[in-house]
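Descriptive structure summary
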Amino acid sequence: MLRPLLGLTLLTLPVLSQGSDARADSDDFARDVAPVFAEHCAECHGGDDPAAGYDLGGVATPEGLDAFDWDLVREVVLAGEMPPLGSSRPDAKTKARFVDWIDARVPALSDGALDPGPAPLRRLNGREITRALHDVLGVELDAAKILGPDPVGHGFDTAAGALALPAERVEHMLSLADLAATMVFPHDDPRLPHVQHFGPEAFESGGHRGDAAVLSTTSSATFGLWAPRTGRYALTVQLSASRAGDELAKARLKVDARRVGEEREIEAEPGATQTERWEFEMEGGARTLAVRFTNDHYDPQNANPKLRDRNLFVYGATLEGPLDAAQESDVHLALRTRAAERGDASARAQLELLGRRLWRRPLQSVELDRLLALTQDADPEALRMQVGAVALLASPHFHLRVEAVRVEDVRDAGTTRLGGFELATRLALFLWSSVPDEALLDAAADGRLDDDAGLAAQVERMLTDPRARILAESFGLAWLGVPALDQHRPDPDAFPGWNFNVGRSSVEETRRVLEELLFEDRPLTDLVAADWTWVDSRLARLYGLKVVPRGQWQRVSLTDTPRRGVLGHASLLTVTSNPARTSIPRRGKWVLEALLGTPPPDPPPGADSLDDSSAESGLSLRQRLELHRADPDCRVCHVALDPIGFGMEAFDGIGRARSGAEAEGLDTTGELPDGRTFAGPVQLAEILANEPRLPRQIVERMLVFALGRGIERSDRPAIDAILDELDPERPTFGQALRAVCASPLLTHARGRTLAGQDQDR
Amino acid sequence: MPKPLSRRTLLRSAGAIVSLPYLEAMLPKGAWSAPAAPVRLVWVYVPNGVNVGEWRYGGEMENPRRAKASEIQDDVQVERELDVLPPSLRSLAPFRSRLSIHQNLTAHHARANGDGPGDHARAAAAWLTGVQPLKDAGQVQLGISADQLAAQRIGDATLFRSLVLGTESPRLSGQCDSGYACAYQSHLSWEGPTTPASKETRPSRAFDRLFRGDGQGLPSEVAEDRRARRRSVLDLVRDDAKRLSAQLAADDRHRLDEYLAGLREVERRIDRAETLAALGVPDEDRPPEAPADLGEHARALLDVARLALTTDATRIVTVMLGNEGSNRAYREVSVNGGHHEISHHGKDAPKLAGIAKIDAYLAAQFGHLLQGLASTPDGETDLLANSLVVYGSGIEDGNRHWHHDLPTLVAGEGGGARPGRVVDHPRETPIADLHLAMLERAGVQLASDESLGDGRAPLAGL
C-alpha cells in the first residue's frame, strides 16, 4: 500500500504538467471521471463532512487530487472496495474507463524521468551480522541474541526507518566485536592465571558448614568467574555426600544453566572427599558455574540416623584453562597466506584484506593508518589482528549501509547508477543477508557491475550459491508473517494436536515450500494454488496424509485434499488464529494484506468489534458477522475480509482440516466484493491465483525487502517494467528475483555516490 | 585513600543475603553529589486495558463516555482515603496504605485524532511520551519518554542511566497494528523521536549486563589494559562516525547521532566503572535462564529491577508486562482466550471474568515488586519509601479502546508523596502530568519552555 513519506518533496510537487495535452486530459476527465465521482462517490465523499475527509464531489478538474490520492482512489475502485457493495456501483465498462484514465495520467506525472526513489541509510540487522561473521570470520555467533531483536517495518527487519540504534545496542555491538575478534584471533594473555581456585566461600548456596557449602535440598552451589576466552576448560570439584534412600547423591555441572558432561554419583561420605573432573567448552567472558545436587532425599523415620538425610557437600573447585593453546584460526592463516601471495604478509596487509570484506569496499590508506596506529603496541600479531578486527567490527562502516550522499533537495540530486561496491552490498544483503564475497568485490572493483550483463552474471552466480537459500526465511517467511508464530501458543484444550514440535515443523514446511518456489523456478501462482507441499511425520498426521517416516521430509501431492498453497499451511492457519479459536476476519485480512497488498480500509472512528448485543443472542458466527456487515460502517471492510475467512474455515486454529461433527454445518462458500463466488478453499485458491494483484504484490514485497523502504508512487513505472519482464504465460519467482535485481530501483540511487569511495580501485 | 567497600563484602559480612541499597560508605569521596535519599522512578505497564468494574475504585465507571471540553472542570479534584481495594487489586492489600489510585488520567494522543485505527500501537506509544505517533508502516516518529528524559538528566549518577525490561519480545515480522510500524506496541521507552530504547526480555541477560560487568575478576593490570584498549577503539569508531556524518545529508545524520550517543554512554560507563562503587550481587540471585511461566518470568524481571535499584545500579526502571495488543493466553490462571481477543469482551460475562483474572494475576506480580521494595532497607526507611512506582495501562477498557480514565496506581512515598488515597482528577488530565510530577520529585529540572508531550504541569495530589 502506498503511504506518504514525511518530507519527501517529490510527492508534494505539482503533479500535473501544464502543456498541450491539458485540454484533452480535461475533456477525458469530464467524460470518464467526473460523472463517476458525482454518481457513485459524492453521496458519502461530499458535502460538508465528506467521509474519510475525501471530498470527491468537489473534484472538478484533474488537479483536484494530488498524485497520491489518485493512486488511492484507483486502488480501492479497482479492488471493488469502493463504492461499497450495496451502494450504487459503476458498471464494469465505466469502471474500466475510470481506471484507464488514472493509469494514463499516472505515468505522465513522473514526466518520464527515472526516479529510483530514496536510498535511506540503514543499519545491518542481526541476521545479516550473524551471517557476515560466519562468512568472513568463520565464527558462529547469534548476533540477534547479543544485540537484541530488530524492529520491524513494512513487515520486514530491513526497513531503514525502523532500524534504530538505541544506546544499549551500541554497547552490545562493541561486546560483539570483542567476542568475535577474540574468537578468530585468539591470544592468551600470559598475565591471566591458568588455574583459578574457588574455596567454599566462593559458592552461593543454601548454607555453609565448616569448610563446605552444603546443599540440603535439590539445589545448586553457584560461583561466578571470568573465562579469558572461548576454549576448553577443566573443572575439578571436591565433594562428599551424606546418605539416605536407595541411591547415592548425584551431582551435575552447569555453565550458565547449560548442562555439561555427565552426572556423577558421590560415594565419599562427609569426612572424606571425592574429586570429580569435568571437561567442557566454555565461551569467554563472565560465566556462572553451578554444581547441582539433583536427587535430594529425606527419610527422618529411618532406624539408622546416618541414613536419614541425603545432602551434598562442596568443598572447593579448581578451574584450569584454557586447556587448548590459543590456535591460529583457519581464517587468520588464510588471510596471511593471501596477503603473502600479494607480496606483503604484514598485519597491515591482512587488515586491508579483512577490512575490504567487512566494510564492503577498499579501505583508504588513511583509514588503514588509523587502524594500524591503534594496534602498533599490541604484540604478537594475533593480538594486533584482534584489536584491528574489533575496530573494524565496531565501526559504522561495518554496521551501516551507506549508499549515496544526498544533497538537501532531492530535485537537484540527479540520478546515478550505484557504485560497484555499493551495488555489491545491496545485492549481498538482499540475496544472501550477508556481506559480498571476494568474487563479488572483485567484480565491483573491475567495473563488472557497471553494466547490465556483468550484473546479471553476478546475480546468477549469487542465486545459485547456497547462501541465497536464506531468502526463503529472510524474505519469504517474514513476508508471510510466519515468525510471529514464536509468540503464539494455541490453547492445548482446544487444540490438543498442537505442540512445539508441530509448530516448528509447520514453519519448516512453509520454509521448504518457499525455497522450492524461489529456487526451482515455480510459477507465482503456486504460492496460493500449489497442489503439493512438504511434510514430515507430524504434519502428515496433522493433515491426515499418508504416513511419513519419522525425521524425514517428503514432497507430497495435495490433489485429494482441500489444501492449496500457503493458505493451507498449518503455520499460517495457526498464526492467523486466536489461541483457542479461528478468526475469520483476521484470516481474510491476512490474505488481503500479505498476499494481495490491498489491506482493508480503516474502520471508521468508534467502530466496534462484534456488536455487543449479538454476543448472547445465540446466533451463529456467520450470522453475527452478517449482522455486523449490515452496519454500513463495518460492511466496507468485512465484505472483503469475511468471505475469504469463511473459505479458510475448512481448517481449524492449528491448520487441521475440520471433519466429523466439526465439519457439520460448515459453510465455506463466499462472495467477494466484486461479485465472484467460490465454494471451499480450493476454489478460493484458484480465484486468488488469478488475481492480477498477486504478481505485483510479490514484486513489491521483494522490493520493500531489498530496498529497506516502502513503495513510493514514483516506483510504479519501474515496477511495471519489472512485471513486463515476466513471462506472461508462466511468470515465476526466479524471473521476478532476476528482474528485481536488474531494475533501476536496485541499481540506481538519487544523488551522488559516496565521495571518495571508489578512489582506491 | 581507603578502598571503598564493595557491596559484595558487605553482603558477605552480613552473613545472609540481604540487599543493601545506596550507602554513603560505599562511595569513594567526591564520586558525585546526590541527595541523601535519591528518588527511584519505576513504571510498570500492562496491555489491553482492564475489566473496569473489577479494577476501578467504586466499581463501574460513573460516566463511561469521553468528556466534552465544555464539561471539564479544571478545579475539581476529589481525594478520599483508599479504604478498600477493588477486587482485581486485592493482592495488593498489604500495601493499601502505600499506594494511591489516580482516576481520570487520559492519554489523549493514544486516540485516533484523525489517524484511524491502531489504538494499541498508540496506547503504548503515547502513555509515557504524551506524543501522537506517526502513522507509517516503516518509519517511527514519536518523542522522548519520561523515563528516558529522567535518564538523560539525572542518570549520570548511576552506572546505568536506566533499565528497560519487558516480558514479550517485539513482533518479529508481519504487519503490526493497523499500519503502524511494529516498535510502538512493544516500546514505552524512547530515547528520542526515532529511537525506541532497547528492551531486555531475558532476566538472566539483564542480570549479567548489570552485575557481571566486562572483565570482572580480572587481575587489575589486565583489566586496565582492556579498558585502555576499549577506549582507543571507541576513539577510532567515534572518529569514523563523525567523518561519515559529515558526508551525509541531514535526514541520514540522526542514525550517526544515535551511534555517537551510544558510544558516549559506553565511554561514560568505562569512566564510571572506576569511580562508582563496585556492584556485587550474589551469583545465586542470577535468574533462571528459561522461566517456566509468565508469572515466573515477570517476577524474575521485577527481581532484577529490584536488585538494580537496591544496588544503585540505576534509579530508573520501566517494565512492560506484555506488549500492547498482546494476544497471549493466560493458561496460568485458566484463561484460554487470547488477552487481546477477550479484551474485546462485548460485555460477555465469561470474557469479563477472564479479563478480571488476568488483571488480578498481573497485579499480583506487581505486588511482588512492591513486596521486594518494601522489604529492602534504604537508609532510615525502606526502598519503597524512596520510590515512586506507577502501575497502569494506556487503555482503560479494551472493548472500546478508551484512553481516558486510565487504570493508574502510584505506590511509594518517594519525594514526599502521600499514598493511601483515591484521587479523582479533573477529566482529561493528561497522564503526562503524572510523569512530570514524578520527574519533578526525582529532581529532574525542566526548562520553563520544556515539557513532556501534552503534559501541562506536574500532577497535583501525588
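Residues numbered from 1 in each chain as written. Chains lettered and ligands numbered in written order. Predicted model: local features only at pLDDT ≥ 70, side-chain atom pairs only at ≥ 80, totals over all residues. Heavy atoms only, no water.

Turning our attention to helix α7 (residues 167-184) of chain A. Over its 18 residues, α7 of chain A extends 26 Å from the first C-alpha to the last, a length consistent with the 26 Å expected when each residue adds 1.5 Å. Judged by how many residues are buried, α7 of chain A sits mostly within the fold: 14 of 18 residues are covered. (Helix = DSSP H or I, 4+ residues; strand = E, 2+ residues; numbered from the N terminus. Expected span 1.5 Å × (residues − 1). Buried < 20%, exposed > 50% of the residue type's maximum accessible area, 1.4 Å probe, protein only.)

In this complex, chain B contributes 86 residues to the contact, which on the side of chain A involves 94 residues. Interface area, chain B with chain A, both sides summed: about 7800 Å², of which 54% is carbon and sulfur. Broken down residue by residue, the surface that chain B buries against chain A is led by Leu-172, Arg-255 and Tyr-259 of chain B, which jointly contribute 9%. Run the count over chain B and chain A and you get 11 salt bridges. (Contact = heavy atoms within 4.5 Å. Buried area = accessible area lost by both parts, 1.4 Å probe. Salt bridge = Lys/Arg side-chain N within 4 Å of Asp/Glu carboxyl O.)

Residue and element names in this part refer to chain B. Per-residue pLDDT for chain B averages 86, and the proportion of residues at 70 or more is 85%. pLDDT under 50 marks residues 1-35. Its contacts with residues more than four places away, or in other chains, come to 69 contacts. Note that residues 61-66 has pLDDT below 50 and, in this model, 15 contacts with residues that lie over four places away or in other chains. (pLDDT = per-residue confidence, 0-100.)

Residue and element names in this part refer to chain A. Structurally, Arg-357 can be placed in helix α9 (residues 347-358). Although buried, Arg-357 forms no salt bridge, and the nearest oppositely charged side chain, Glu-438, lies 4.2 Å from it. Each residue touching Arg-357, except ones within four places of it in the same chain, is listed here: Asp-135, Val-136, Val-435, Pro-436, Asp-437, Glu-438 and Leu-441. (Lys, Arg positive; Asp, Glu negative; His and termini not counted.)

Here we take up the sheet that holds strand β8 (residues 258-266) of chain A. Residue and element names in this part refer to chain A. Strand order in this open sheet of four strands is β5-β10-β7-β8, and the pairing throughout is antiparallel. What marks the edges here is a single partner per strand, and that holds for β5 (220-227) and β8. Here the average twist between neighbouring strands, direction ignored, is 20°. Two elements, β5 and strand β10 (residues 285-293), share eight bridges in a ladder whose sense is antiparallel. Paired with Leu-225 across the strands is Arg-287, a residue of β10. (Pairing = 2+ DSSP bridges. Axes fitted to C-alpha atoms, helices over the stretch in contact; angles between N-to-C directions.)

Quick look at the pairing of strand β6 (residues 231-241) of chain A now. Residues and elements named next belong to chain A. Most of β6 is tucked away, with nine of its 11 residues classed as buried. Sheet topology note: the β6/strand β9 (residues 274-282) ladder contains nine bridges and is antiparallel. Bridging across to β9, Tyr-233 finds its partner in Phe-280.

Should pLDDT be low for a region, the predicted coordinates there are not to be read in detail. All names here are of chain A. Residues of chain A with pLDDT of at least 70 account for 89%, and the chain-wide mean is 86. Overall, residues 610-616 carries pLDDT values under 50, and its contacts beyond four positions in sequence, including any with other chains, amount to 13 contacts. Scored below 50 in pLDDT, residues 753-761 makes 32 contacts in the model with residues more than four places away or belonging to other chains.

To continue, consider the state of the cysteines. One pass over the full model with this rule turns up one disulfide over all chains. Across a sulfur-sulfur distance of 2.0 Å, Cys-176 of chain B and Cys-182 of chain B are joined as a disulfide pair. A torsion of 95° about the S-S bond marks the disulfide between Cys-176 of chain B and Cys-182 of chain B as right-handed. Side by side, Cys-176 of chain B and Cys-182 of chain B carry an identical accessibility label, which is buried. Not engaged in a disulfide, the cysteine Cys-41 of chain A finds its nearest cysteine sulfur in Cys-44 of chain A; these two sulfurs lie 9.0 Å apart. (Disulfide = S-S within 2.5 Å.)

The subject of this paragraph is unusual backbone geometry. Going from Gly-321 of chain A to Pro-322 of chain A, the amide bond is cis rather than trans, its omega being 5°. Secondary-structure assignment places Pro-322 of chain A in the loop between β13 (312-320) and α8 (330-341). The backbone of His-154 of chain A shows a phi angle near 50°, a positive value even though the residue is not glycine. As for its placement among the helices and strands, His-154 of chain A is situated in the loop between α6 (143-147) and α7. The backbone of Asn-48 of chain B sits at a positive phi, close to 70°, despite the residue not being glycine. Mapped onto the secondary structure, Asn-48 of chain B falls in the loop between β1 (40-45) and α2 (52-55). Among the residues examined, Asn-48 of chain B registers a relative accessible area of 1% and is labelled buried.

We now examine the packing of helix α14 (residues 420-432) of chain A against helix α28 (residues 733-742) of chain A. Residue and element names in this part refer to chain A. The geometry of α14 relative to α28 is characterised by a closest axis approach of 11 Å and an angle of 160° between their N-to-C directions. Classified by the angle between their axes, α14 and α28 sit roughly antiparallel to one another. The way α14 lies across α28 gives a crossing that is right-handed. Note on element contacts: α28 touches α14 through Leu-737, Val-740 and Cys-741, opposite Leu-427, Phe-430 and Leu-431. (Parallel < 35°, antiparallel > 145°, perpendicular 65-115°, else oblique. Left-handed = near helix turned anticlockwise from the far one by under 90°.)

Residues and elements named next belong to chain B. Strand order in the open sheet made by the eight strands is β2-β14-β3-β13-β12-β1-β7-β4, with mixed pairing throughout. Edge positions in the sheet fall to β2 (78-81) and β4 (163-166), since each has one partner strand and no second. Averaged over all neighbouring strand pairs, the angle between strand axes comes to 20°, with direction disregarded. Bridge count between β4 and strand β7 (residues 316-320): four bridges; the pairing is parallel. When the sheet's bridge partners are listed, Leu-163 is paired in β7 with Val-317. Together, β1, β4 and β7 form the strand contacts of helix α4 (residues 146-154), whose direction differs from that of β7 by roughly 160°. Sheet strands in contact with helix α11 (residues 349-374) are β1, β3 (99-106), β12 (387-392) and β13 (408-411), and its direction is about 175° off that of β12.

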